[in-house]
Amino acid sequence: MTQTPAVDHEAEIAGRLAQLSLEQKISLMTGADIWALHAIPEIGLRRLVTSDGPAGVRGESWDERSPSANVPSPTALAASWDPVRVEKMGRLLAGEARRKGVDVLLAPTINLHRTPYGGRHFECFSEDPELTSMIGTAYVEGLQAEGVAATVKHFVANDSETDRFSVDALIDERVLRELYLVPFERLVAAGAWAIMAAYNKVNGTTMTENALQREVLKREWAFDGVIMSDWYATRSVAAAGEDLADLAMPGPESPWTEWLLDEVRSGQISESAVDGHVLRILRLAARVGALDGLEAATPVARRWSDQELTAELRFSSAAGMVLLSNDGLLPLDVGSLRQVAVIGPNGATARTLGGGSATVFPPYVVSPLDGLRAGLSEEIMIVQTHGVRSSERTEVAPVDLLQLPDGSGPGVEVIFLDAEDRELGRQQRQTGSMIWWGPVQEGLFAGDIDHLTLHTRLRIPDSGRYYVGSSGLGEFRLVVDGTTVFDEVITLELGADVVETLMKPPQQLAVVELEAGRDVLVELAYRPEANTALGGAEVTMLTLQLNVARLIDEQAEFDHAVHLAAESDVAVVVVGTSEEVESEGFDRTSLALPGRQDELVSAVAAANPRTVVVVNSGAPVLLPWANEVAAVLVSWFPGQEFGHALADVVSGAVEPGGRLPVTWPASEEGLPPVTPVNGELPYDEGLLIGYRWYLATDRAPAFPFGHGLGYTTWAYEDMAVDGDNVTVTVRNTGTRTGREVVQLYASRADSRVERAPRWLVGSAVVDAEPGAAAEASITVGDHNFRHWETSTHAWLTEPGTYGLHAGRSVVDLPLSTEISRD
Ligand code: BGC
């Protein structure tokens with residue numbers, strides 16, 4: 001892909017710019033609303049719509065009634081190490097974007113896994129800049145090949161969430177160049193049409209005003225697309241300076257709508273700077289086909305049929321699953337099994353997504369339980385229980401327990417009211433969890449709502465004592481079966497990130513006795529707390545949950561799980577995290593699995609040695625029991641087809657295709673911290689993040705970068721170098737057809753600069769039948785060997801000989817040779 005559109009409209013675009021008044025230009029530089037830009041019909045510009053990203057295309061509302069295909073989260077995509085597969089996902093997302101009227105996807109997220117504590121770890125690809133660039137390029141190319149713009153984010157160093165609006169990442173120039181900027185540089189070279197400037201500061205200056213935009217992005221790399229601010233990250237009019245940020249999002253208000261006109265009139269900011277920004281916005285519009293009369297840069301995406309979508313998502317999900325260990329139990333000998341136990345908190349409740357702006361509402365989700373029921377033989381009895389809870393919080397009420405008040409189907413009815421109790425609108429929703437931000441429905445905005453009421457009929461299957469409650473911020477009155485069970489005000493803890501309160505809103509519960517099969521009327525009156533802060537802006541984001549769960553004897557449940565495991569032929573324990581643990585807006589404080597999950601795995605493994613653990617998290621968690629179980633499979637947050645893909649992998653219909661895109665730590669010792677001190681977060685680990693640190697300090701992680709098993713074995717036979725082309729010959733020495741991810745690392749003995757002991761320079765995926773050989777072809781280039789010379793502020797390739805090492809992980813490299821650079 002090149003930066004120039006297939007059809008060159010530069011002269012036309014300049015002509016349209018020339019028709020705009022200064023006021024119109026300035027209006028275009030701030031969003032018209034939360035997601036869209038202003039239309040200017042006089043120059044044929046229609047409304048340009050953006051949407052998150054990256055695990056699906058949510059569209060303009062947070063609403064389960066407008067579902068979106070949920071693709072595997074970025075760690076899962078990167079784990080495939082397969083650009084061809086990821087490019088297909090990009091195309092699928094382009095189709096989704098067009099279906100939802102979206103022109104610009106706010107993805108991919110290409111910040112690095114500096115540390116596993118990062119809340120958005122699941123949303124980023126890898127700890128390695130080369131792998132991030134390779135997968136990110138495929139994602140962008142797939143999306144843009146079908147007419148939808150990618151927005152590569154967040155430029156730069158938004159690698160953790162704590163104090164994200166103000167934190168100052170202190171990063172050495174060389175480290176910034178060689179690690180954190182690399183994926184941006186590569187994706188600009190690949191032709192990305194937009195970039196999002198981050199909330200944080202780097203070396204003292206907030207990113208929406210940082211000169212890196214001008215000096216590096218626009219001038220050095222010749223980026224010709226749009227730099228948009230992260231949402232509410234534009235803090236001053238100075239951010240609109242020459243070759244800085246082009247677009248302040250969202251709107252309708254930003255510091256630019258207030259002051260930019262005056263600044264231009266008084267000469268503080270030149271009109272040519274404004275023209276530069278608007279030209280880029282019009283270029284973006286032309287590329288996606290939003291400027292009347294100009295052909296889009298690439299053909300508009302085709303629609304995918306449901307069948308095609310399902311098949312692609314199922315395969316992609318399996319392609320990212322990483323088999324960490326296997327004593328031979330997998331693939332299961334399905335014909336020999338009578339009973340399989342599916343245990344663990346994520347067994348019946350699949351976690352397909354992390355939290356925050358990456359949230360989408362899939363049309364359905366296949367849980368591991370559903371998937372194994374459908375995918376293993378009908379002869380096998382599948383028994384299930386969760387054993388332990390993974391959260392202290394009470395779950396959102398499952399919609400199948402809720403009936404609309406008029407009895408017309410499952411769901412809740414919400415009535416929006418103004419301060420005089422006049423109805424503003426109503427919605428029937430098929431969920432117990434709602435978020436309103438911006439438009440709620442035609443003509444009604446979240447900010448217009450004074451209070452609301454929610455009505456539903458609760459019908460539970462088993463009599464007993466239940467928690468019934470609600471979550472959110474503000475004033476709540478809950479009435480169950482005519483009795484007020486609480487009437488309280490819940491306020492925001494000062495300083496909490498609004499996104500954190502969306503993902504885990506404060507909760508209040510009552511215990512009520514319920515009878516099976518009898519409808520109980522539940523009425524909730526809610527007056528939301530007015531405004532909450534997002535990066536200094538006053539934003540109205542409302543969140544409301546209805547929570548229902550049965551009170552149980554937790555020890556009896558634990559014992560029951562162990563009993564089911566003991567009497568089954570195989571136990572599949574699905575452990576993991578959720579969007580309450582892994583999300584935008586906050587970092588993790590521990591890498592341990594929440595709750596008593598570790599204890600459960602050990603007890604199940606002791607009861608049945610034929611235990612497979614499925615780790616359903618978007619980022620590494622500690623696995624203290626890894627040696628006690630027969631197999632460990634990481635599923636990540638694998639999207640809506642999770643259960644089907646899991647059944648394919650454990651039954652052997654498909655190989656687990658993934659390899660770790662991030663080192664899996666054995667302990668929390670020595671990992672880079674995320675907590676700023678006096679507002680500063682020094683990247684003291686320098687160049688040594690991820691596997692670079694483990695190699696340099698001679699530490700053994702739980703599982704190394706690049707690791708992952710398939711169902712066959714491979715011999716690395718030969719490696720040949722011809723110019724910049726490296727060919728690695730591998731042979732399938734097992735009895736099944738298989739897929740191997742051949743990885744190539746470089747090293748430099750006697751370097752005059754500090755370097756990691758080894759670093760990834762490329763990889764290739766090959767397939768081979770039993771006994772057959774396959775050739776992996778990898779092209780390297782100067783960018784793989786260069787280093788940043790701080791004294792001259794320039795790239796330099798140290799002449800001489802570099803080692804090349806090929807194999808299956810950063811520590812399993814059977815073949816070595818040399819390559820020279822001059
Ligand atoms: C996130 C971005 C996202 C934007 C719009 C911000 O809070 O950091 O990644 O695209 O919101 O939802």
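A brief report on the enclosed structure follows.

How each quantity is defined
Residues numbered from 1 in each chain as written. Predicted model: local features only at pLDDT ≥ 70, side-chain atom pairs only at ≥ 80, totals over all residues. Heavy atoms only, no water. Helix = DSSP H or I, 4+ residues; strand = E, 2+ residues; numbered from the N terminus. Rg over C-alpha atoms; globule rule 2.2 N^0.38 Å. Contact = heavy atoms within 4.5 Å. Areas by Shrake-Rupley, 256 points an atom, 1.4 Å probe, with all protein chains shown as cover. Lys, Arg positive; Asp, Glu negative; His and termini not counted. Charge placed at Lys NZ, Arg CZ, Asp CG, Glu CD. Near = heavy atom within 4 Å. Polar contact = N/O pair within 3.5 Å; in protein donor to acceptor, adjacent residues only side chain to side chain. 1 Å grid on protein atoms, 1.4 Å probe; cavity = no way out; pocket = protein on both sides within 12 Å on 5 of 7 lines; lining within 4 Å. Sits in = over half its atoms within 2 Å of the grid points. Nonpolar A, V, L, I, M, F, W, Y, C, P; charged D, E, K, R; others polar. Phe/Tyr/Trp six-rings, centres within 6.5 Å; stacked < 30°, edge-to-face > 60°. Buried < 20%, exposed > 50% of the residue type's maximum accessible area, 1.4 Å probe, protein only. Lys NZ or Arg CZ within 6 Å of the ring centre and 35° of its normal. Arc of directions from axis to C-beta. Pairing = 2+ DSSP bridges.

Helix and strand counts for the chain stand at 17 helices and 39 strands. Taking 2.2 N^0.38 as the reference for a compact globule, 822 residues should give roughly 28 Å; the C-alpha atoms of the chain span a radius of gyration of 27 Å, in line with that estimate. In terms of principal-axis extent, the alpha carbons of the chain reach across some 75 × 70 × 50 Å. Once local pairs closer than 6 in sequence are excluded, the contacts in the chain between residues at least 24 apart make up 76%. When the accessible surface of the chain is split by element, carbon and sulfur atoms take 48% of a total near 28600 Å². Of the charged side chains in the chain, 63 are positive and 117 negative, and the gap between their average positions amounts to 2 Å.

This next bit is on the site of the ligand. The environment of the ligand is formed by 13 residues, the closest being Asp52, Arg120, His154, Asp230 and Glu584. Within the side chain of histidine 154, an N or O atom sits 2.7 Å from an oxygen atom of the ligand. When the ligand is considered free in solution it has 310 Å² of accessible area, and contact with the protein chains removes 98% of it. If you map the ligand onto the pockets, it falls in the largest cavity. Looking at side-chain class alone, the shell around the ligand contains five nonpolar, two polar and six charged residues.

Another point: unusual backbone geometry. Trans peptide bonds make up the majority, and among non-glycine residues the majority have a negative phi. Cis geometry marks the peptide bond from alanine 107 to proline 108; its omega dihedral reads 5°. Looking at the secondary structure, you find proline 108 in the loop between strand 2 (104–105) and helix 5 (129–145). Residues leucine 330 and proline 331 are joined by a peptide bond in cis, for which omega reads -5°. With respect to the element layout, proline 331 can be found in the loop between strand 9 (322–326) and strand 10 (339–343). The phi angle at aspartate 421 is positive, at roughly 70°, despite the residue not being glycine. A positive phi angle, near 55°, is found at aspartate 481, a position not held by glycine.

Turning our eyes to something else, we now look at the packing of aromatic side chains. Counting across every chain of the model gives 17 aromatic pairs. Ring centres 6.4 Å apart and planes at 75° place the aromatic pair tryptophan 62 and phenylalanine 361 in the edge-to-face group. Placement of tryptophan 62 in the loop between strand 1 (50–51) and helix 3 (74–79) and of phenylalanine 361 in the loop between strand 10 and helix 12 (368–375) is noted, with a sequence separation of 299 residues between them. For the pair tryptophan 62 and phenylalanine 361, one class covers both residues: buried. Positioned over the ring face of phenylalanine 586 is lysine 504, at 4.0 Å from the centre of the ring. Its end group placed over the ring of tyrosine 802, arginine 748 keeps NZ or CZ at 4.7 Å from the ring centre.

Quick reminder: α-helices carry 3.6 residues per turn. Residues three or four places apart thus point the same way. Looking at helix 1 (residues 10–18), one finds that the buried residues are Ile13, Arg16 and Leu17. End-on, the buried residues of helix 1 take up no more than an arc of 105°, which puts them together on one face. Of the exposed residues in helix 1, those oriented more than 90 degrees away from the buried face are Ala11 and Ala18. Residues of helix 1 that are buried make contact with helix 2 (22–28) and helix 10 (271–287).

Attention shifts here to the pairing of strand 27 (residues 570–576). Across the seven residues of strand 27, seven count as buried, placing the element largely inside the fold. Going residue by residue along strand 27, you find Val570, Val572, Val574 and Gly576 tucked away on one face and Ala571, Val573 and Val575 tucked away on the opposite face as well. As paired strands, strand 10 and strand 27 are joined by four bridges and run parallel to one another. Along strand 27, the bridge assignment pairs alanine 341 with alanine 571. For strand 27 and strand 28 (residues 611–616), the ladder comprises six bridges, and the chain directions are parallel. By the bridge assignment for strand 28, valine 573 is matched with valine 613.

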